[in-house]
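Analysis of the macromolecular model
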Amino acid sequence: MTILVTGATGTVGRRVVEQLLERGERVRALTRAPERAEFPPGVEVVGGDLEDPASLASALRGVTGLHLITFGGEFSAPLETGDEILALAEEAGVRRVTVLHGGGDTPMETAVRESGFAWTVVMPVEFMANALEWAPGIRSEGVVREPFVDRLSAMVHESDIGAVAAVALTEDGHGGQEYLVTGPEALTVRDKTTAIGAARGADVELVELTEEQALENWRGQGMPEDVIGFLIAVYRDTPPEGRTVLGTVEKVTGRPARTFAQWAGEHAHLFRAGPERSGDGALSEGTIEA
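Residues numbered from 1 in each chain as written. Predicted model: local features only at pLDDT ≥ 70, side-chain atom pairs only at ≥ 80, totals over all residues. Heavy atoms only, no water.

1. Thoughts on the pairing of strand S2 (residues 26-31)
- The buried count for S2 comes to 5 of 6 residues, which makes it a mostly enclosed element.
- As paired strands, strand S1 (residues 2-5) and S2 are joined by 4 bridges and run parallel to one another. Bridging from a neighbouring strand, Thr2 pairs with Arg26 of S2.
- The parallel pair S1 and S2, bridged by helix H1 (residues 11-22), forms a crossover whose chirality is right-handed. (Buried < 20%, exposed > 50% of the residue type's maximum accessible area, 1.4 Å probe, protein only. Helix = DSSP H or I, 4+ residues; strand = E, 2+ residues; numbered from the N terminus. Pairing = 2+ DSSP bridges. Right-handed = clockwise from strand over helix to strand, strands pointing away.)

Here is the structure:
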């Protein structure tokens, strides 16, 4: 069978592709710019735009499983095309659908939930990849500057999000399920900077900002006020779902969730001093900050 992964160049989409390949599945990766996409051998890369459902018709041919995201386009606006895409999927013979939760109610997720497919909503808490926001400061100064450094986050490895989606797309028994996906530990900012320091072989200094300093910093970066308000709210009082460890990864995939120390080891080169390095995006599709 062939699985179509939309949002395939995103932080999670790439991991869904990888995990499906590990399971021996045939994978078709959808992107708006296939000529620029880089995937492992064996991945069929196709062009298409979730804002233009007709562009997905050929990509859906022969597909039995479909992974969807809830935001799209140049400005990552909520997708309003769910009904049309799912109608094409039904016509193509798709059986299973996963959708990456985008942090709130969205038209795409609503369409998936109301559909007749065996659907699964994958709801990750904070991505471990969000720590890549610290990489420039760590590389240049060996410093992280953050407010509320004792806040807890049960952040999750992107590969574990991909693994949960891959199982739901290829096995029965996951239809109609919402999976809140967390890592195996609730970590403070101190815990995370310590792990990064150990991974890169050099300590990371943590400087705690006051709330006022954080506001000034974010505004200086041009961050929108609604995003700033959201960050302050969840950093000051992280919701229970963002800091509570669940066994979803092991329950669904049969193996323990990956640790942040493991993630830091995999990305240690991005935190070491030297020329600017490229890597996975930090804030990306479906991220729920915590």
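2. Here we look at the pattern of salt bridges
- Taken as a whole, this structure holds 16 salt bridges when the rule is applied.
- The partner of Arg113 in a salt bridge is Glu178, and the shortest N-O contact between them spans 2.6 Å. Taken as a pair, Arg113 in helix H3 (residues 107-113) and Glu178 in strand S10 (residues 177-181) lie far apart in primary sequence, 65 residues in all.
- Given a relative accessible area of 46%, Glu178 falls into the partly exposed group.
- One salt bridge in this structure joins Arg258 and Asp160, with 2.4 Å as the shortest N-O distance. Taken as a pair, Arg258 in the loop between helix H10 (248-253) and helix H11 (260-266) and Asp160 in helix H5 (residues 158-170) lie far apart in primary sequence, 98 residues in all.
- Using a relative accessible area of 0% as the deciding quantity, one classes Asp160 as buried.
- Taken together, the shared-partner salt bridges connect Arg95, Arg96 and Asp172 into one network. (Salt bridge = Lys/Arg side-chain N within 4 Å of Asp/Glu carboxyl O.)

3. Looking at the environment of Ala199
- Inspection of the secondary structure puts Ala199 in helix H6 (residues 189-200).
- Residue classification places Ala199 among the partly exposed positions, given a relative accessible area of 21%.
- Separated by 62 residues in sequence, Ala199 and Ala261 place their C-alpha atoms 7.4 Å apart.
- Not counting residues up to four positions away in its chain, the partners in contact with Ala199 are Ala264, Gly265, Ala268 and Arg272. (Contact = heavy atoms within 4.5 Å.)

4. Some words on H5
- With 13 residues, H5 extends 19 Å from end C-alpha to end C-alpha; this agrees with the ideal 18 Å at 1.5 Å per step.
- Among the 13 residues of H5, 13 are classified as buried, and the element is accordingly described as predominantly covered. (Expected span 1.5 Å × (residues − 1).)

5. Things to note about the packing of aromatic side chains
- Tallying each qualifying case throughout the model produces 3 aromatic pairs.
- Arranged with centres 6.1 Å apart and planes meeting at 65°, the rings of Trp263 and Phe271 form a pair that is edge-to-face. There is no split in this pair, since Trp263 and Phe271 are both buried.
- Positioned over the ring face of Tyr235 is Arg151, at 3.6 Å from the centre of the ring. (Phe/Tyr/Trp six-rings, centres within 6.5 Å; stacked < 30°, edge-to-face > 60°. Lys NZ or Arg CZ within 6 Å of the ring centre and 35° of its normal.)

6. Examining the sheet that holds S10
- An order of S3-S2-S1-S4-S7-S8-S10 is seen for the 7 strands of this open sheet, with the pairing classed as parallel. Each of the sheet's edge strands pairs with one partner strand only, and the pair in question is strand S3 (44-47) and S10. The mean angle between the axes of side-by-side strands here comes to 20°, regardless of whether they run parallel or antiparallel.
- Sheet topology places strand S4 (residues 63-68) next to strand S7 (residues 96-100); 4 bridges connect them, and they run parallel. Across the sheet, the residue bridging to His67 is Thr98, located in S7.
- Contacting S4 and S7, helix H2 (residues 82-92) crosses the sheet at an angle of about 160° to S4.
- Its contacts with the sheet put H5 on S1, S4, S7, strand S8 (118-124) and S10, and the angle it makes with S7 is roughly 160°. (Axes fitted to C-alpha atoms, helices over the stretch in contact; angles between N-to-C directions.)

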